[in-house]
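# Close look at the chain arrangement
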Amino acid sequence: RHITSENEDVTEIIIPLCFFLSRCRSHASMLGVVHVCTFLLLRLSSERQFSVALNRTLKTRLPLDDLPALPKEATHADLMIVVIHQVVTDGHPRLRALHPKLCAVLANVSAFVTDVAKPAAIKLVDLLDRFAAPLCKHAETAELTMAANPDAKLIWPPMMSVYCDCARLLIE
């Protein structure tokens, strides 16, 4: 079942969602708002129409001082990437449970985003670096396990496909 229709501008909801995510990310009393915004982004990102619409040029700038300057040609996807980076890097410690969900949002829209501005690309690289470090540690352990027991079965972390999708977005 789709929650967006063909006739409405689905990008109108991304501005308030990003505003609330950015504004409420470090306040313990507002974590519920961050959870709701993350759920809405996750649900919307599963729809093709929303993901394609993220390529539209951003017309409204958020009145947030801690948001990095985006170029005039920035898209809604750029804004979403920068705000997700803020939540992951500067968010309240109790928001760690949302990190995989926010990565899933990026993975869901990655197939439809056609261009990423430089500030957003830098934030994506930083996110990839943050999330790939545990994978490198897991890979080293896996190599040692395979060397000791070639018949051992390896179980990769569940977020492996999400990290690969984020890497693909950076490369494309």
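One can find the structure itself at the top, above this paragraph.
Analysis parameters
- Residues numbered from 1 in each chain as written.
- Predicted model: local features only at pLDDT ≥ 70, side-chain atom pairs only at ≥ 80, totals over all residues.
- Heavy atoms only, no water.
- Helix = DSSP H or I, 4+ residues; strand = E, 2+ residues; numbered from the N terminus.
- Buried < 20%, exposed > 50% of the residue type's maximum accessible area, 1.4 Å probe, protein only.
- Contact = heavy atoms within 4.5 Å.
- Areas by Shrake-Rupley, 256 points an atom, 1.4 Å probe, with all protein chains shown as cover.
- Axes fitted to C-alpha atoms, helices over the stretch in contact; angles between N-to-C directions.
- Parallel < 35°, antiparallel > 145°, perpendicular 65-115°, else oblique.
- Left-handed = near helix turned anticlockwise from the far one by under 90°.
- Nonpolar A, V, L, I, M, F, W, Y, C, P; charged D, E, K, R; others polar.
- Salt bridge = Lys/Arg side-chain N within 4 Å of Asp/Glu carboxyl O.
- Core = buried A, V, L, I, M, F, W, Y, C linked by side-chain atoms within 4.5 Å.

### Some words on the overall build of the chain
When you go through the chain residue by residue, the secondary structure sums to seven helices and zero strands. Starting at the N terminus, the α and β elements of the chain follow one another as α-α-α-α-α-α-α. Looking at the chain as a whole, 40% of its 172 residues qualify as buried. Intrachain contacts of the chain at a sequence separation of at least 6 include 67% that bridge at least 24 residues. Accessible surface for the chain amounts to roughly 9,800 Å². Of this, 58% is attributable to carbon and sulfur atoms.

### A few points about the packing of helix H4 (residues 76-90) against helix H5 (residues 99-110)
Close contact between H4 and H5 brings their axes to 10 Å; oriented N to C, the two are set at 165°. In terms of orientation, H4 and H5 fall into the roughly antiparallel class. Here H4 and H5 pass one another in a crossing that is left-handed. Along the contact surface, H4 presents Met80, Ile81, Ile84, Val87 and Val88, while H5 presents His99, Leu102, Val105, Leu106 and Val109. Considered class by class, the residues forming the contact of H4 with H5 number nine nonpolar, one polar and no charged.

### Notes on the pattern of salt bridges
A side chain of one charge can pair with a side chain of the opposite charge when the charged atoms of the two come close. Overall, the coordinates contain two salt bridges when judged by the stated rule. Across the salt bridge formed by Asp90 and Arg25, the nearest N and O atoms sit 4.0 Å from each other. Of the two residues, Asp90 is situated in helix H4 and Arg25 in the loop between helix H1 (14-24) and helix H2 (31-45); the sequence distance between them amounts to 65 residues. On the accessibility criterion, Asp90 (44% relative accessible area) is partly exposed.

### Details of the environment of Thr114
Considering the arrangement of structural elements, one finds Thr114 in the loop between H5 and helix H6 (118-148). Owing to a relative accessible area of 66%, Thr114 belongs among the exposed residues under this scheme. Along the sequence, Thr114 and Asn55 sit 59 residues apart, while their C-alpha atoms lie 6.7 Å from each other.

### Comments concerning the nonpolar core
If you look at the biggest cluster of nonpolar residues, it comprises 42 residues, and the most contacted ones within it are Ile14, Leu41, Leu79, Met80 and Ile84. Where this core is concerned, the elements lending two or more residues are H1, H2, helix H3 (48-53), H4, H5 and H6. If near-sequence neighbours (up to four positions away) are discounted, Leu79 is found in contact with Ile15, Cys18, Leu58, Leu62, Leu67 and Leu70.

### Some points on the side chain of His85
Assignment of secondary structure puts His85 in helix H4. Residues within four places of His85 in sequence aside, it is in contact with Asp90, Lys123, Asp126 and Leu127.

### So, the side chain of His99
Turning to its location among the elements, His99 is positioned in helix H5. Taking the relative accessible area as the measure of exposure, His99 reaches 13% and is therefore buried. The residues contacting His99, other than those within four sequence positions of it, are Val87, Val88 and Phe131.

### Regarding the environment of Phe20
Relative to the elements of secondary structure, Phe20 occurs in helix H1. Take Phe20: its relative accessible area is 38%, and that puts it in the partly exposed class. Excluding anything up to four places from it in sequence, Phe20 contacts Val33 and Cys37.

### Here's the deal with the packing of H1 against H4
Across the interface, H1 lies against H4 with an axial gap of 9 Å and an inter-helix angle of 20°. The pairing of H1 with H4 is recorded here as roughly parallel in orientation. You can see that H1 and H4 cross each other, and the crossing is left-handed. Here H1 contributes Ile14, Ile15, Cys18, Leu21 and Ser22 to the contact with H4, which in turn contributes His76, Leu79, Met80, Val83, Gln86 and Val87. Considered class by class, the residues forming the contact of H1 with H4 number eight nonpolar, three polar and no charged.

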